[in-house]
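# Summary of structural features
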Amino acid sequence: MIRKIGVLTSGGDSPGMNAAIRAVTRCALGNGIEVYGIEDGYRGLVEGRLRLFSKTDVSDILSRGGTILGSARLPEFKDLSVQKKACEILKEKAIDALVVIGGDGSYRGAKSLTDLGVNCIGLPGTIDNDISGTDLTIGFDTALNTVVDAVDKLRDTSSSHHRCSVVEVMGNHCGDLAVYSGLSCGAEIVVTPETGYDEEDILDRLRYLDNLGKSHAIVIISEKICDVEALARKISASTGFSGRSTVLGHIQRGGSPTPNDRVLASRMGEKAVDLLVKGVGGHCVGIKANEIVSFPIDEALAMPKTSRKPLYRLFDRLV
Ligand code: ADP
Ligand code: F6P
């Protein structure tokens, strides 16, 4: 039987993490389990920065972006000695289990702690939607809304000036933010790790669109693919559009979570507590066909991501 659990947020923050912290805390307290909030991810854990949470410590946080616990990256957490230190700190406080809200790197840390005897459950908190074992991650919907809002605004000014807006979005090797926003905003071109980058092809297409008489064009590109400013200059030099680049950057990580993210995070937080109460560890929680599910972390990390080919096909048909 578990009496005390910890909860931490790790890696890049995402809107909805607070809703997950709240759900974990309230569901655990409802089961008579004490909850410790751990500051700044694994860093705060190995530094012993934990505080006992009451029900009201998680009041008024549902609508807040970011994470009230703080998040951090601690590369040394891959070392067994650092993981053992974390286990010692948890044992000192008699904390039996942990909920880790983060991405796949954070999941690996959670799996290591479970192997060392502390049951951990991972919740997918990242705007990238790049975690296997779940259709959606906590924060993706909010980030997508932020991107769509920005691109809609860029479209207004681009069409007034016969411009092509090149918009770089986040995603960390995953094209979901780009292709979902491309579909939502009716972008002319989407470039992601899945589509590959062919500069000549982009310029040819823009020349074709200009000849068609289009007043503007939107190109959405995943980060880490090309220098969007240089591309915008080439667009100005070799098409009828004047090119302008916008890097949306960390704006995509902030903001009040959408209702969908709040509900998703709450459902996942509940599942994490239910699993720990049943004595399950080393699992991560996901949503599949609107059902909250869980898989062993190793299994989830090895799963192929659901193919996005139908989305790209649809984009091509609508453009
Ligand atoms: P994310 O969780 O969003 O994928 P990172 O990959 O930066 O973000 O991982 C977050 C943290 O998880 C890292 O800073 C580190 O503390 C921990 N971590 C990452 N990979 C591992 C690993 N292989 N083993 C143990 N801990 C890891
Ligand atoms: O994983 C979330 C994410 O925002 C990625 O989209 C991006 O590549 C990365 O984190 C940025 O990290 P940092 O906050 O360290 O700049």
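Structure first, text after, so check above.
Conventions we followed
- Note on numbering: residues in each chain are counted from 1, in written sequence order.
- All chains are assigned letters beginning at A, and all ligands numbers beginning at 1, according to the order in which they are written.
- Local features in this predicted model are restricted to residues whose pLDDT is 70 or higher, and side-chain atom pairs enter the listing and the counts only when it is 80 or higher, whereas totals over whole chains, interfaces and linings include all residues.
- Values reported for side chains reflect all heavy atoms of the structure, with hydrogen atoms and water molecules removed beforehand.
- Comment: elements are numbered from the N terminus, with helices defined as DSSP H or I runs of at least four residues and strands as E runs of at least two.
- Three labels apply to residues, based on accessible area from a 1.4 Å probe with only protein chains included: buried if under 20% of the type maximum, exposed if over 50%, partly exposed otherwise in between.
- Residue contacts are counted whenever heavy atoms from the two residues lie within 4.5 Å of one another.
- Only when DSSP finds a minimum of two bridges between them are two strands counted as paired.
- Angles shown run from 0 to 180 degrees and are taken between the N-to-C directions of axes, each axis being a line fitted to C-alpha atoms and, for helices, limited to the stretch in contact.
- The handedness of a crossover follows from its direction of travel: if, with the strands pointing away from the viewer, the path from the first strand over the helix to the second runs clockwise, the crossover is right-handed.

On to the side chain of Gln83, then. Mapped onto the fold, Gln83 is located in helix H3 (residues 80–92). Residue classification places Gln83 among the buried positions, given a relative accessible area of 7%. Ignoring anything within four residues of it in the chain, the contact list for Gln83 reads Phe77, Lys78, Ser112, Leu113 and Leu116.

So, on to the sheet that holds strand E6 (residues 163–169). Spatially, E7-E8-E6-E9 is the arrangement adopted by the four strands of the open sheet, whose pairing is parallel. Edge strands, defined here as strands with exactly one partner in the open sheet, are strand E7 (189–191) and strand E9 (242–247). On average, each strand axis in the sheet is inclined to that of its neighbour by 15°, with strand direction left out of account.

Another point: the pairing of strand E1 (residues 4–9). The buried count for E1 comes to five of six residues, which makes it a mostly enclosed element. In the sheet, E1 pairs with strand E2 (residues 34–38) via four bridges, with the strands oriented parallel. Within the sheet, the bridge partner assigned to Ile5 lies in E2 and is Val35. For the segment spanning E1, helix H1 (residues 17–30) and E2, crossover handedness is right-handed. In this sheet, strand E4 (residues 97–102) lies alongside E1 in parallel orientation, the contact comprising five bridges. Note on E4: the bridge partner recorded for Gly6 is Leu98.

Right, let's get into the sheet that holds E1. If you walk across this open sheet you meet the seven strands as E3-E2-E1-E4-E5-E10-E11, and the pairing is mixed. If you trace the sheet from one side to the other, it starts and ends with strand E3 (50–53) and strand E11 (291–296), each paired once. Taken pair by pair, the neighbouring strands of this sheet meet at an average axis angle of 30°, ignoring direction. Pairing geometry for E4 and strand E5 (residues 119–124), over six bridges, is parallel. Along E5, the bridge assignment pairs Leu98 with Cys120. Where helix H9 (residues 259–277) meets the sheet, it contacts E1, E4, E5, strand E10 (283–288) and E11, and its direction lies at approximately 140° from that of E10.

A separate point is unusual backbone geometry. Most peptide bonds are trans, and most residues other than glycine sit at a negative phi. The residue Ala94 is not glycine, and still its phi comes out positive at about 60°. Tracing the backbone shows Ala94 in the loop between H3 and E4. Here Ala94 falls in the partly exposed class, since its relative accessible area comes to 41%. We note that Ala289 has phi near 50°; this positive angle belongs to a residue other than glycine.

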